[in-house]
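Chain and residue survey
For reference, the chains in residue letters:
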Amino acid sequence: MYGFEAMTFNIHGGYLEAIVRGHRSGLLTAADYNNLCQCETLDDIKMHLSATEYGPYLQNEPSPLHTTTIVEKCTLKLVDEYKHMLCQATEPMSTFLEYITYGHMIDNVVLIVTGTLHERDVQELLEKCHPLGMFDSIATLAVAQNMRELYRLVLVDTPLAPYFSECITSEDLDDMNIEIMRNTLYKAYLEDFYRFCQKLGGATAEIMSDLLAFEADRRAVNITINSIGTELTRDDRRKLYSSFGLLYPYGHEELAVCEDIDQVRGVMEKYPPYQPIFSKLSYGESQMLDKAFYEEEVKRLCLSFEQQFHYAVFFAYMRLKEQEIRNLMWISECVAQNQKSRVHDSVVFIF
Amino acid sequence: MEEEIEAQISDLSITKKKTEAEEEDQTLIFLDSVDDYLILIQTLSSTLRQGWLELASARHSMGASRVNTALLSLNHRSAATKLDLHYPHNIDGSITKSPQFNLCKWTSTDDNNSSMEKENIEEDEQLKENINSLESENQESSLESSKGSETVASPHKTENNFQKERAKVLKMFGTLVSPKLRASQLSFETALETLVKVANVRSSILEAHDALVKDTKNLKE
């Protein structure tokens, strides 16, 4: 019953909630970002990060550093924290934690399949995969010629198997099919995660519904903007939108027929939670939309820590950490390219 | 006799003045070329910086797994853009020593249905000027307006084909890519055009320098 989690949550989840709240206090602050933004070289960034929790991961990296190295090592920290939490978790928290990584699994599958289509070496592709999305038979993806084989040979034994029912065809894999497969899989994953959270009930269901609905709406907007001017038809575009969220179903109907960014703005401004996001943008501009969405997401993720005894804090922490890694990537790129004046274009402060 | 000597002296002074004027002209041409070259180098540098930052921004937006070197296609295909080199003819029919570079954008022959017209950057700029002047005269007569619409349709169709070719190349990163990645592609395309202009201006600098050295030598003689 909602409201009585305080009586039983700590039995199985108390230790891990304390762990994740401890990790949250280790996230970089605005003062840390200000110091990082003033660095002249990547070695300066490494020096500043050595005083943070990333220190042990970067200290042995030789100079000259590369931006991908910084991102790789910071991601390793996230993976270690996640694995520690996963191995300590019991059901249903362990399933919840596994759900958080399915998005990365989908990205890895698409990366391997696309790279194989482009005749790239499998080992090279495996090195580029996100560590949170790895599974045992991932290298076997390279032998599949179409989605049916992809499913039958590899994915039937993975958590992504249930998401394939909507996109199994015998057509050979090409760029358009792969893109549709990616978005169809992600749609199915989000809907399945949403249903799982609803089943958990309580504060988890309430907070995760809001966070996942925002994710679904953001994906709908990005799919719309990215498909403008492409050969993706309106019907195909509509099929990629999730079946939940604030924009479902009327907003999706309007987004499906949008032909430019201003029409997208016109649709989104009808929804009060998204009006402040689009009011920050000038007409015809979409460059700052990503940052506006990230800022809104960070605000919602931080709010989830205001309540106790629910699983959403784990999801929120993982997402906040990924945002922090994105910030570090952007700062590193601006420093490496000697474009420090543009560093605040994409950095989203968490605290 | 004295008259002949005076005539010869005046001829020599006229010739000297002509040669000095030619040298000044050549010097001006040389300095103008150097100025163009420096401006183009600066433009190229800023365009490339813009392109690299937009690429980083696309990577930030789409994720490292969608924008990385492992997705570049190693399939065999012909180049989408080619560079032609030719030596133009002088007025007297002789071939100049200075080469001219022409960029042929999006002329991939992998797909026969999408073969493009050869594009010369200078002709393209001239065409755009013609379009602008024609558009301003459209209001004067219906005949001129019909001519204008015929001329506008041709570059519009070419630009549409270019958009299709650009989208085809970007597909290696996925079909639904961020507008930032498309902006990055345009920046690098502009940088490539600027590089060709730089090469042509360098060619004209060398030509002007050679002419200047020749005139200086003639003047001393």
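Quick caveat, the model's predicted, so the values are computed rather than measured. (Residues numbered from 1 in each chain as written. Chains lettered and ligands numbered in written order. Predicted model: local features only at pLDDT ≥ 70, side-chain atom pairs only at ≥ 80, totals over all residues. Heavy atoms only, no water.)

Some remarks on the overall build of chain A
From N to C terminus, chain A includes 16 helices and zero strands. Here chain A has a C-alpha radius of gyration of 21 Å; the compact-globule value for 351 residues is 20 Å, and the two agree. Dimensions of chain A, computed from the C-alpha atoms along their principal axes, are close to 55 × 50 × 45 Å. When each of the 351 residues of chain A is scored for burial, the buried share is 56%. In chain A, of all internal contacts separated by at least 6 residues, the share reaching a separation of at least 24 is 64%. Of the accessible surface of chain A, which amounts to about 15200 Å², a share of 51% is contributed by carbon and sulfur atoms. Considering chain A, the positive charge centre built from 31 side chains and the negative charge centre built from 52 side chains are found 3 Å apart. (Helix = DSSP H or I, 4+ residues; strand = E, 2+ residues; numbered from the N terminus. Rg over C-alpha atoms; globule rule 2.2 N^0.38 Å. Buried < 20%, exposed > 50% of the residue type's maximum accessible area, 1.4 Å probe, protein only. Contact = heavy atoms within 4.5 Å. Areas by Shrake-Rupley, 256 points an atom, 1.4 Å probe, with all protein chains shown as cover. Lys, Arg positive; Asp, Glu negative; His and termini not counted. Charge placed at Lys NZ, Arg CZ, Asp CG, Glu CD.)

So, the interface of chain A and chain B
Buried accessible area, meaning the area lost when the parts come together, often serves as the stated size of an interface. Each side of the interface is counted separately: chain A has 40 residues, and chain B has 29 residues. Roughly 3100 Å² is buried in total at the junction of chain A and chain B, and carbon and sulfur atoms are behind 53% of that figure. In terms of surface lost to chain B, no three residues of chain A exceed A:His118, A:Arg120 and A:Asn226, which account for 18% of the buried area on that side. Inspection of the chain A/chain B interface yields three salt bridges. For the pair chain A and chain B, the number of links is 15 residue pairs in polar contact (both at pLDDT 80 or more). Broken down by secondary-structure element, the contributors of at least two residues to the side of chain A that touches chain B are helix H6 (93-117), helix H7 (122-128), helix H9 (175-200), helix H10 (202-227), helix H15 (289-303) and helix H16 (312-336) of chain A. Partitioned by chemical class, the residues of the side of chain A that touches chain B number 13 nonpolar, 14 polar and 13 charged. (Buried area = accessible area lost by both parts, 1.4 Å probe. Salt bridge = Lys/Arg side-chain N within 4 Å of Asp/Glu carboxyl O. Polar contact = N/O pair within 3.5 Å; in protein donor to acceptor, adjacent residues only side chain to side chain. Nonpolar A, V, L, I, M, F, W, Y, C, P; charged D, E, K, R; others polar.)

Some thoughts on the nonpolar core
Among the nonpolar cores identified, the biggest contains 106 residues, and A:Phe96, A:Phe193 and A:Phe314 are the most heavily contacted of them. In terms of residue count, H16(A) provides more of this core than any other element does, 15 residues in total. (Core = buried A, V, L, I, M, F, W, Y, C linked by side-chain atoms within 4.5 Å.)

Considerations on the confidence of the model for chain A
Averaged over chain A, the pLDDT score is 92; the fraction of residues at 70 or greater is 97%. Summarising per-element confidence for chain A, the mean pLDDT is lowest in helix H8 (residues 147-154) of chain A (84) and highest in H16(A) (97). (pLDDT = per-residue confidence, 0-100.)

Let's talk about the confidence of the model for chain B
Residues and elements named next belong to chain B. A residue-level look at chain B finds 74% of positions with pLDDT of 70 or above and a mean pLDDT of 77. Across chain B, helix H4 (residues 179-220) holds the top mean pLDDT of 89, while helix H2 (residues 121-137) sits lowest at 49. A low-confidence stretch, residues 137-152 stays under pLDDT 50, and its non-local contacts, those more than four residues away or across chains, total ten contacts. Confidence estimates for the predicted assembly give a pTM of 0.86 and an ipTM of 0.92.

Here we look at the packing of helix H2 (residues 30-37) of chain A against H16(A)
All names here are of chain A. Contact pair H2 / H16: the axes reach a minimum separation of 10 Å and the direction vectors enclose 20 degrees. It follows from the interaxial angle that H2 and H16 lie roughly parallel. Of the two possible hands of crossing, H2 and H16 adopt the one that is right-handed. Together, Tyr 33, Leu 36 and Cys 37 of H2 and Glu 324, Asn 327, Leu 328 and Ile 331 of H16 make up the contact between the two elements. (Axes fitted to C-alpha atoms, helices over the stretch in contact; angles between N-to-C directions. Parallel < 35°, antiparallel > 145°, perpendicular 65-115°, else oblique. Left-handed = near helix turned anticlockwise from the far one by under 90°.)

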